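# Examination of the molecular architecture
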Amino acid sequence: MSIIYFVTVFTFLLCFSLIEIKCEQMNGRKPACPQISLFGACPFILLPVCGTDGITYNNECLLCIARHETKKNILIQKYGSC
């Protein structure tokens, strides 16, 4: 009985997590924008993100700068190139 309960609970939690991840990918995720990004000082780290505007940014910080400069609510659609 306890194994069936464990499997049921585990399956439910796994499915719930996958649904939450799928929703985040569909809706986009708000980037973490520290104050330093407002001054255009981003690290030279290549970790591309795809913005909801269809543009690939070299890293999350550059997406933050684009959000600030354009005054648009650009979110992270996915990690990696668009």
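This text follows the structure it describes.
Residues numbered from 1 in each chain as written. Predicted model: local features only at pLDDT ≥ 70, side-chain atom pairs only at ≥ 80, totals over all residues. Heavy atoms only, no water.

Our next topic: the environment of Leu47. Its place among the elements puts Leu47 in the loop between helix 1 (2–27) and strand 1 (49–51). Using a relative accessible area of 57% as the deciding quantity, one classes Leu47 as exposed. The spatial distance from the C-alpha of Leu47 to the C-alpha of Gly80 is 7.1 Å, given a sequence separation of 33 residues. Residues in contact with Leu47, not counting those within four places in the same chain, are Tyr57, Asn58, Asn59 and Glu60. (Helix = DSSP H or I, 4+ residues; strand = E, 2+ residues; numbered from the N terminus. Buried < 20%, exposed > 50% of the residue type's maximum accessible area, 1.4 Å probe, protein only. Contact = heavy atoms within 4.5 Å.)

The strand order across the open sheet formed by three strands is 2-1-3, and the pairing between neighbours is antiparallel. Two strands lie at the open edges of the sheet, namely strand 2 (56–57) and strand 3 (76–79), each paired on one side alone. Pairing analysis gives three bridges linking strand 1 to strand 3, with the strands arranged antiparallel. By the bridge assignment, Val49 is partnered in strand 3 with Tyr79. (Pairing = 2+ DSSP bridges.)

Throughout the structure, instances matching the rule amount to three disulfides. With its sulfur 2.1 Å from that of its partner, Cys33 forms a disulfide with Cys64. Here Cys33 and Cys64 share a disulfide; its torsion about the S-S bond, -85°, makes the bridge left-handed. Of this pair, Cys33 sits in the loop between helix 1 and strand 1 while Cys64 sits in helix 2 (residues 60–70); the two residues are 31 residues apart in sequence, bridging distant segments of the chain. Taking the relative accessible area as the measure of exposure, Cys64 reaches 2% and is therefore buried. In this model Cys42 forms its disulfide with Cys61; the gap between the sulfur atoms is 2.0 Å. The S-S bond linking Cys42 to Cys61 shows a torsion near -80°; that makes this disulfide left-handed. Residue Cys42 is located in the loop between helix 1 and strand 1, and its partner Cys61 is located in helix 2; the two are separated by 19 residues in the primary sequence. In terms of burial, Cys42 and Cys61 fall into one category: buried. (Disulfide = S-S within 2.5 Å.)

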